[in-house]
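Letter by letter, the chains look like this.
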Amino acid sequence: MTDITIIGSGNMARGIGTRAVAAGRAVQILDRDETKAAALAAELGDQVASGAIQATPAGAIVVLALPFDAAKEVVTAYGAALAGKTIIDITNPVDFTTFDSLVVAPGTSAAEEIAALADQGANVVKAFNTTFAGTLVEGSVDGIPLDVFIASDSDEAKAAVSSFVSAAGLRPIDVGPLRRARELEGFQFVLMTLQADPAHDSFNWNTGLKVLV
Ligand SMILES: NC(=O)c1ccc[n+]([C@@H]2O[C@H](COP(=O)([O-])OP(=O)(O)OC[C@H]3O[C@@H](n4cnc5c(N)ncnc54)[C@H](OP(=O)(O)O)[C@@H]3O)[C@@H](O)[C@H]2O)c1
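Residues numbered from 1 in each chain as written. Predicted model: local features only at pLDDT ≥ 70, side-chain atom pairs only at ≥ 80, totals over all residues. Heavy atoms only, no water.

**Q** Give me the lowdown on the sheet that holds strand β3 (residues 49-52), citing residues and values where you can.
**A** Strand order in this open sheet of eight strands is β3-β2-β1-β4-β5-β6-β9-β10, and the pairing throughout is mixed. Edge strands, defined here as strands with exactly one partner in the open sheet, are β3 and β10 (171-176). Here the strands of the sheet are splayed against their neighbours by 25 degrees on average, with no regard to which way each runs. Taken together, the four bridges between strand β5 (residues 86-89) and strand β6 (residues 123-126) define a ladder with parallel strand orientation. Following the sheet pairing, Ile88 is matched in β6 by Val125. Sitting on the sheet, helix α2 (residues 34-44) is in contact with β2 (27-31) and β3, with an inclination near 155 degrees to β2. Contacts between helix α6 (residues 155-167) and the sheet are confined to β1 (4-7), β4 (61-64), β5, β6, β9 (147-152) and β10, with β9 contributing the most and set at about 170 degrees to the helix. (Pairing = 2+ DSSP bridges. Helix = DSSP H or I, 4+ residues; strand = E, 2+ residues; numbered from the N terminus. Axes fitted to C-alpha atoms, helices over the stretch in contact; angles between N-to-C directions. Contact = heavy atoms within 4.5 Å.)

**Q** Could you give me a rundown of helix α3 (residues 68-78), with the residues and numbers involved?
**A** It helps to recall that an α-helix has 3.6 residues per turn; residues three or four apart then point in one direction. Taken together, the buried positions of α3 are occupied by Phe68, Ala71, Val74, Val75 and Tyr78. All buried residues of α3 project into a common sector of 120 degrees when viewed along the axis, lining one side. Pointing more than 90 degrees away from the buried face of α3 are the exposed residues Asp69, Glu73 and Ala77. In this structure, the buried side of α3 is in contact with β1, β2, β4 and α4 (110-117). Positioned one or two residues after α3, Gly79 has a phi angle of 50 degrees, which is positive. (Buried < 20%, exposed > 50% of the residue type's maximum accessible area, 1.4 Å probe, protein only. Arc of directions from axis to C-beta.)

**Q** Would you mind going over the environment of Asp155 in detail, with residue names and values included?
**A** Position of Asp155 relative to the elements: it lies in helix α6. Note: C-alpha distance between Asp155 and Pro177 (22 residues apart in sequence) is 9.0 Å.

Next comes the structure, spelled out in structure tokens:
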């Protein structure tokens, strides 16, 4: 039985897929291009299933490894097929035309917009938006396991995602209700601007946000 379905076959699908396989989870990759889904599945391991995006996601956890606009379209198109599922929104809704703001209005977040479009029987969780794709393949930066900040209005869904994150060798941090996604998205936007700033030439896409204790 499939545990985790990942929609998309790009960089984050590869990163989260790598961690899901490392966690011993049964994984399915769905993509609008079935051949790309099959190629990523083969790269991740023999047991990884794949298919077209039109297929009903088999996993209890569904990861939207898509740009924000595409995530909204896909959640809307799936409708009741996502009822009862835990949907992980990983998006960073950055306005790439200006690289100076998010495309979501103040007082909301990409995660909340996706939740409003999703079947009301699904639970949306914000997670993995502060972990860069390359670091997920390793699971760590300089040997330090990544932190995964998790926000949702469903304790059950947060527990399911935390369990996956721990099994994948990462540290889950429950940051509260889904509206905390506003801060997680803003938080990561700041890091992205620092990485793009030549004044910080030692920063790169292999950095990570971490709470040190
Ligand atoms: N990259 C990172 O380090 C990172 C870190 C944290 C969060 N994120 C977030 O993760 C998400 C994915 O990023 P990524 O780096 O994995 O992007 P990516 O490598 O460009 O992959 C995006 C995937 O989405 C698919 N897609 C695009 N538009 C679509 C549509 N309209 N309908 C269906 N599928 C569509 C693409 O399919 P095609 O190949 O056919 O175009 C591809 O499989 C983004 O929201 C990003 O903000 C990224």
